[in-house]
Amino acid sequence: MMKENQTVFDYLGLTMIMFGFTMAVLNIFCIFFGDSAVGYSSIFELGSRGITVKTAAQFLGVCAIISGMRFMFFSDIIIKKMPIGLRTACMLIGVIIVITVFTAVFKWFPVNDRKPWIMFFICFGISFLGSWLIMIAKEKAENKKMAEALRKLKEEENAQ
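Chemist: What is the right way to look at the packing of helix α3 (residues 84–106) against helix α4 (residues 114–159) in this model?
Modeler: Helices that pack against each other are described as a pair by the angle of their axes relative to one another and the distance between those axes. Look at α3 against α4: their axes get within 13 Å of each other, and the N-to-C directions meet at 145 degrees. By crossing handedness, the relation of α3 to α4 is classed as right-handed. Contacts between α3 and α4 involve Thr88, Leu92, Val95, Ile96, Ile99, Thr100 and Thr103 from the former and Trp117, Phe120, Phe121, Phe124 and Phe128 from the latter.

Right under this line is the structure:
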């Protein structure tokens, strides 16, 4: 479902929701894995005590970029005639590129080490699958509401 009337507040709201979720997950990771990742990843500079302001700002940047990409690919304001499957593929590729660039620039983990990339793709895949399932459930609920409203409207027209 494409929305054409998105505002800067929709963009900021999505960015903040994504950032809040990301910070919660990162802090949970810090509790469980932080001390063992000190020196390996800039994300875990403070070990199990949390993340630095610098890391939080980097992730805010990622969330803002991803929100912008979502706006670009999933509203009809910028891209008008692209199938939803292609939009989704472009969005996924864009997210992977953004994460790769941030990982290399900010040394989130060694870019030539396979293990963190495997873990990233597993987490990314699970997150994407979860988001996709939630989106499908939301769309089904909205469709059900619209079908019910249409049924009631037809009943009212027939009663007149």
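Back to the text.
Chemist: What is the right way to read the confidence of the model for the protein from this model?
Modeler: The predicted coordinates ought not to be read in detail in places where the model reports low pLDDT. Looking at the protein as a whole, its pLDDT mean stands at 86, while 96% of the residues score no less than 70. Per-element mean pLDDT across the protein ranges from 84 in α4 up to 91 in helix α2 (residues 53–74).

Chemist: Would you mind going over the pattern of salt bridges with me for this structure?
Modeler: Pairing is possible between side chains of opposite charge, provided their charged atoms come close. Summed over the entire model, instances satisfying the criterion amount to 3 salt bridges. A salt bridge links Lys54 to Glu45, with the shortest nitrogen-to-oxygen separation between them at 3.1 Å. Judged by its relative accessible area of 38%, Glu45 falls in the partly exposed class. We note a salt bridge from Arg151 to Glu148, for which the minimum N-O separation is 2.2 Å.

Chemist: Is there a simple way to think about a nonpolar patch on the surface in this case?
Modeler: A contiguous nonpolar patch, built from Ile28, Phe29, Ile31, Phe32 and Phe33 and spanning about 530 Å² of accessible area, is present on the exposed surface. Along the polypeptide, Ile31 turns up in helix α1 (residues 8–37). For Ile31, a relative accessible area of 57% corresponds to the exposed category.

Chemist: I tried to follow α3 on my own but got confused; where do I start?
Modeler: Residues separated by three or four positions in an α-helix point in the same direction, a consequence of the helix having 3.6 residues per turn. Taking 1.5 Å per residue as the helical rise, α3 with its 23 residues ought to reach 33 Å, and the 32 Å between its terminal C-alpha atoms agrees with that figure. Of all the positions in α3, only Arg87, Met91, Gly94, Val95, Val98, Ile99, Phe102 and Thr103 are classed as buried. Immediately beyond the C-terminal end of α3, within one or two residues, lies Lys107, with a positive phi of roughly 55 degrees.

Chemist: What's the story with the side chain of Ser67 in this structure? I'm lost.
Modeler: In this fold, Ser67 is placed in helix α2. Excluding its chain neighbours within four sequence positions, the residues that come into contact with Ser67 are Tyr11, Leu14, Thr15 and Met18.

What counts as what
- Positions within a chain are numbered from 1, following the residues in the order the chain's sequence is written.
- Two thresholds apply to this predicted model, a pLDDT of at least 70 for residue-level local features and 80 or more for giving and counting side-chain atom pairs, whereas whole-chain, interface and lining totals are computed over all residues.
- Side-chain metrics rest on all non-hydrogen atoms present in the structure, leaving aside hydrogens and water.
- Only the stretch in contact is used when fitting a helix axis, every axis being a line fitted to C-alpha atoms; angles between N-to-C directions are given from 0 to 180 degrees.
- Each helix corresponds to a stretch of at least 4 residues labelled H or I by DSSP, and each strand to a stretch of at least 2 residues labelled E; elements are numbered beginning at the N terminus.
- Handedness of each helix crossing follows the sense of rotation of the near helix against the far helix: counterclockwise by less than a right angle gives left-handed, clockwise gives right-handed.
- Every residue pair with non-hydrogen atoms within 4.5 Å of one another is taken to be in contact.
- Known as pLDDT, the predictor's confidence for each residue is given on a scale from 0 to 100.
- What counts as a salt bridge is simple: a side-chain nitrogen of Lys or Arg found within 4 Å of a carboxyl oxygen of Asp or Glu.
- Buried residues are those whose accessible area, probed at 1.4 Å on protein chains only, stays under 20% of the maximum for their type, while exposed residues exceed 50% and partly exposed ones sit between those limits.
- The patches reported here contain residues having more than 30% relative accessible area and no salt bridge. Joining distances are 9 Å for like charges and 5 Å for nonpolar side chains (Val, Leu, Ile, Met, Phe, Trp, Tyr).
- The Shrake-Rupley method, run with a 1.4 Å probe sphere, supplies the accessible areas, and residue values consider only the shown protein chains as cover.
- Expected span of a helix, by definition, is 1.5 Å for each gap between consecutive residues, and there is one gap fewer than residues.

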